[in-house]
Each structure stands twice: as structure tokens, then as C-alpha cells.
Amino acid sequence: MIETLWQQHATALLAVWAALAALWLWGMPREQVRWLDRVYPLLPLAVAAVAASGELAPAFLAVVMQLGLWLWVWLTVVWVISLLKRDASIMDIAYGVLLLGVPWWLFLHLGGQPQASSWLLLGMASIGFGRYSLYILWRNLPHGEDPRYARWRQRSGARWWWWSYFQIFLLQGVVMWVWALPLVFGMSAAGPIGFWHIAGALVWLVGFVFEAGSDYQLTRFKRQRTDRSQLLNTGLWALTRHPNYFGQTCMWWGYGVFALAHPWGWLSVLPVVYITWFMNKGSATSLMERHMTKTKPGYAEYCATVPAFFPRLWGRAHPTKDTP
């Protein structure tokens, strides 16, 4: 359906996106807006222009654009559900589910005879994104709207119902679309398992151990703690303050290395570098750091002894106590 929709109505769809991009840019605050925030609405139009020129891999870019359309459709559905539920934080659940759906959509959309490398990539992505989806579903479903979204709802006032479509749903849709490029390359170069496939799987495995292991340790810690102000600083959390973010980044590097089997797979380095920046400096770590500093009394001491993102595996200073 997505392929037919794109083939028959590409011009109309791009016109609709251009109108949405104009509204998105108009609705942005006039101050404290990063240049990158203004790039997100325009990026699909730029890629569409390159695809329309026919100068650079038009068939491949058509797949990329159709993947973007697939994400757009489903995120619009999730946005409508969020309006009915008055809970924009369902995007956190949709994020994992849609990432899980991306490799399956590519696997089915690209067609052809399934190859060993396709099955390996599909298995890696299914395990990684599937575990993440179930964890986020278990963590978020029993609770109400996440405080972050509740604050944004309060600040935006009456315009929140439409502004949330851009600030939360389309924004994360564009981000996921860019991040998925290594998966597109990996699925497009199906064949026997080779060096880059094995190397990518090993890098991915390191990331999976960090992400899944740190989530397990955090869940166990929350069950055993006697005070919400207590701080987890043992296990993987003694190597880095954000082992889950590092693990997720490492898994994306695994997909990027896997994509090097494609002749143009080196382009995957660009989104993977962006993911690394986003997780380390761009948004994820910085937002969590500000929250933890306000809620955890011993967090400053923890920061002084444990690196923020990249693990320090030797010469590491240990925190003086487990629960400040």
C-alpha cells in the first residue's frame, strides 16, 4: 500500500509535507531554538529533491522516502490516539514499536529471496528493538502522562493539541527515519554472511549487553531501594552514568558496521555519528542529567567519579557509598 501510495501521489504528499513543515517552522519559539530543530522539517523535502533529480540512486532513495511515509502514517495514528487519551507520552511506547517495525517493513518491502545476512539483521533488530519495546511498555503503561510531556502540555496551553504533532510525533519520526538508514543499507545488500556482518553483530552484542543489563540492574534496584532518593552506582552504572544510552548507541554502531557490506554503506556513519552526539551531548544525556541533579542528593559526587557516557573500564575511581 505504501509503495502504491507513493508512486501515485508523491507530488501531493510532498505538498502536504511542505505545508506541515511551514506550520512547524512558524510554530517554533522565536528564541532558544537550535539550528538543527529548523532542519528536521526540511530534511524530507531535501531528500525528495535529490531523489527527483534522478542523479543519485533513485531506486534506493525511493525506498528511503517510502519508509518515511510509512513512519508518517503510523505516527499520525499515534498522535490521534494521544489526543483521545490526553497522554502524549504514548510516543515513548510507539517509538520502540515502530523501530521494531522498520526492519520487518524493509524485509518484506524489498522482497526477493531472503538471504542469510537479511535474517541475521532481522534477528538482531527484533531482539534489540523487541526487548526495548516490551521494557518501555512495562515501565510506562501503568502510569499516567510522563511529567516531561505534562510540563510541555501546560506550557503550550490551548495550542498543545496541534503543536504536539510537530514537537513530539513528527520530530521523533524524522529522527527515527534518519537513524534507520543503516538498516536500509543492511537490508538492501542481502547475501551470505561476511566479515562486516559478523563485525557488526559483535559490536551490536556489546551494546545489547550494556542496554539490557543496565535496564535489568535498574529495575532490580528500584524494587529493593527503601528511598526514592537513593542512587544506583554499582554494576554497569559504576562504569558510566548512562549505560543504557551507551548500549543503545553501541547497538546502532553495530547496525552501521553491518551496513558496510553495502557499497554505499559508509554513508551510515553519518546517522550513527548523529546518534552518538544525540545520546551523549545532544538531548538524551543532558536532559536526564538535569533531572537527576534535582532529584538525587548524591548525584554531584557520582558525577565526579563516574564518566557521563563512554565507560571507563580501568583506572576508575569508585563512589564512596552506594546509597547517598
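In short, a report on the structure. This structure is a prediction, so every number in the text was calculated from the model and none was measured. Per chain, residue numbering runs from 1 following the sequence as it is written. Since the coordinates come from a predicted model, pLDDT governs what is reported: local features require at least 70, and pairs of side-chain atoms require 80 or more to be given and counted, while whole-chain, interface and lining totals use all residues. Side-chain numbers come from the whole structure's heavy atoms, not from hydrogens or water.

By definition, any uninterrupted DSSP run of H or I lasting at least four residues is a helix, any uninterrupted run of E lasting at least two residues is a strand, and each is numbered from the N terminus. Of the regular secondary structure elements, the chain holds 14 helices and zero strands. Atoms counted for the radius of gyration: C-alpha only. Globule rule: 2.2 Å times residue count to the power 0.38. Taken over the C-alpha trace, the chain has a radius of gyration of 21 Å; the compact-globule value for 324 residues is 20 Å, and the two agree within 12%. When the backbone C-alpha atoms are referred to their principal axes, the chain occupies close to 60 × 55 × 35 Å. Classification of the 324 residues of the chain by burial places 52% in the buried group. Residue exposure (1.4 Å probe, protein chains only): buried if accessible area is under 20% of the type maximum, exposed if over 50%, otherwise partly exposed.

This paragraph deals with the environment of tryptophan 119. Along the chain, the position of tryptophan 119 falls in helix H6 (residues 116-140). With a relative accessible area of 47%, tryptophan 119 lands in the partly exposed category. Spatially, the C-alpha atom of tryptophan 119 lies 9.7 Å from that of isoleucine 193, the residues being 74 residues apart in sequence. Contacts were defined at the residue level, with two residues in contact if any of their heavy atoms lie within 4.5 Å. Among residues more than four places away in sequence, those in contact with tryptophan 119 are Phe107 and Pro114.

A few words on the packing of helix H5 (residues 90-110) against helix H8 (residues 160-179). Axes are the key here: two packed helices are described by the angle between their axes and the distance separating the axes. In this description, a line fitted to the C-alpha atoms serves as the axis of each element, helices being fitted only across the stretch in contact, and the angle between N-to-C directions of two axes falls anywhere from 0 to 180 degrees. Across the interface, H5 lies against H8 with an axial gap of 11 Å and an inter-helix angle of 25°. If you check the angle between H5 and H8, you find them roughly parallel. Relative to H8, H5 is oriented so that their crossing is right-handed. Residues Met91, Tyr95, Leu98 and Leu99 of H5 pack against Ile168, Phe169, Gln172, Met176 and Trp179 of H8. A class-by-class count of the residues in the contact of H5 with H8 yields eight nonpolar, one polar and no charged. Roughly parallel refers to an angle under 35 degrees, roughly antiparallel to one over 145, roughly perpendicular to one between 65 and 115, and oblique to any angle outside these ranges. It is the rotation of the near helix from the far one that decides the hand of a crossing: anticlockwise by less than a right angle makes it left-handed, clockwise makes it right-handed. Residue polarity follows a fixed list, in which Ala, Val, Leu, Ile, Met, Phe, Trp, Tyr, Cys and Pro are nonpolar, Asp, Glu, Lys and Arg are charged, and the others, Gly among them, are polar.

Classification of ring pairs rests on two measures: the distance between centres of Phe, Tyr or Trp rings, Trp counted by its six-membered ring, which must be within 6.5 Å, and the angle between planes, read as stacked under 30 degrees, edge-to-face over 60 and tilted in between. One pass over the full model with this rule turns up 33 aromatic pairs. Ring geometry for tryptophan 70 against tryptophan 105: centres 6.3 Å apart, planes inclined by 35°, an arrangement best described as tilted. Placement of tryptophan 70 in helix H4 (residues 58-85) and of tryptophan 105 in helix H5 is noted, with a sequence separation of 35 residues between them. Among the residues examined, tryptophan 70 registers a relative accessible area of 12% and is labelled buried. Measuring from ring centre to ring centre gives 6.3 Å for tryptophan 104 and phenylalanine 107, while their planes differ by 70°; the resulting arrangement is edge-to-face. Here phenylalanine 107 and tryptophan 104 lie together in helix H5, a separation of three residues that amounts to about one turn. Overall, the relative accessible area of 38% leaves tryptophan 104 in the partly exposed class.

A separate point is the nonpolar core. Grouping buried Ala, Val, Leu, Ile, Met, Phe, Trp, Tyr and Cys residues that are joined through side-chain atoms within 4.5 Å yields what is termed a nonpolar core. By size, the foremost hydrophobic cluster in this structure holds 95 residues, and its most contacted members are Trp24, Met91, Trp179 and Tyr255. For methionine 91, the contacting residues outside a window of four places in its chain are Leu75, Tyr149, Ile168, Phe169, Gln172 and Met176.

Further remarks concern empty space enclosed by the protein. A cavity, in this analysis, means grid points on a 1 Å lattice covering only the protein atoms where a 1.4 Å probe fits yet has no way out; a pocket is instead an open set bounded by protein on both sides within 12 Å along at least five of seven lines, and a residue lines either one if it has an atom within 4 Å of a point. Grid points are joined across faces, edges and corners, and a volume is the space filled by probe spheres set on the points. According to the stated counting rule, one finds three cavities of 30 Å³ or more in the structure shown. Taken as a whole, the largest cavity holds about 210 Å³ of empty space. In this structure, the largest cavity is lined by 15 residues; those nearest its centre are Trp17, Pro44, Gly68, Leu69 and Trp72. Elements with a contribution of two residues or more to the lining of the largest cavity: helix H1 (2-27), H4 and H8. Considering each element in turn, the lining of the largest cavity owes the most residues, six residues, to H4. The residue inventory of the lining of the largest cavity, partitioned by class, reads 13 nonpolar, two polar and no charged.

With that settled, the discussion passes to the side chain of serine 214. The topology assignment puts serine 214 in helix H10 (residues 195-224). By relative accessible area, serine 214 is classed as buried at 0%. When residues no more than four places from it in sequence are discounted, the contact partners of serine 214 are Val209, Leu236, Trp237, Pro243 and Asn244.

Further remarks concern the layout of surface pockets. Reported here for the second largest pocket is a volume of approximately 680 Å³. Lining the second largest pocket are 22 residues; nearest its centre among them are Leu43, Val47, Leu181, Leu270 and Pro271. Counting residues per element, the ones that place at least two in the lining of the second largest pocket are helix H2 (35-39), helix H3 (43-53), H4, H8, helix H9 (181-188) and helix H12 (269-282). Here the element with the most residues in the lining of the second largest pocket is H3; it accounts for four residues. Its residues assigned to classes, the lining of the second largest pocket shows 21 nonpolar, one polar and no charged.

With that settled, consider the pattern of salt bridges. Any carboxyl oxygen of Asp or Glu within 4 Å of a side-chain nitrogen of Lys or Arg constitutes a salt bridge here. Applying the stated criterion to the full structure yields three salt bridges. Between aspartate 37 and arginine 34 there is a salt bridge, with the nearest N and O atoms lying 3.3 Å from each other. The partner of arginine 131 in a salt bridge is glutamate 211, with the nearest N and O atoms 3.5 Å apart. In this pair, arginine 131 is assigned in helix H6 and glutamate 211 in helix H10, connecting sequence segments 80 residues apart. Residue arginine 131 is classed as buried on the basis of its relative accessible area, which comes to 18%. What makes glutamate 211 buried here is its relative accessible area of 3%.

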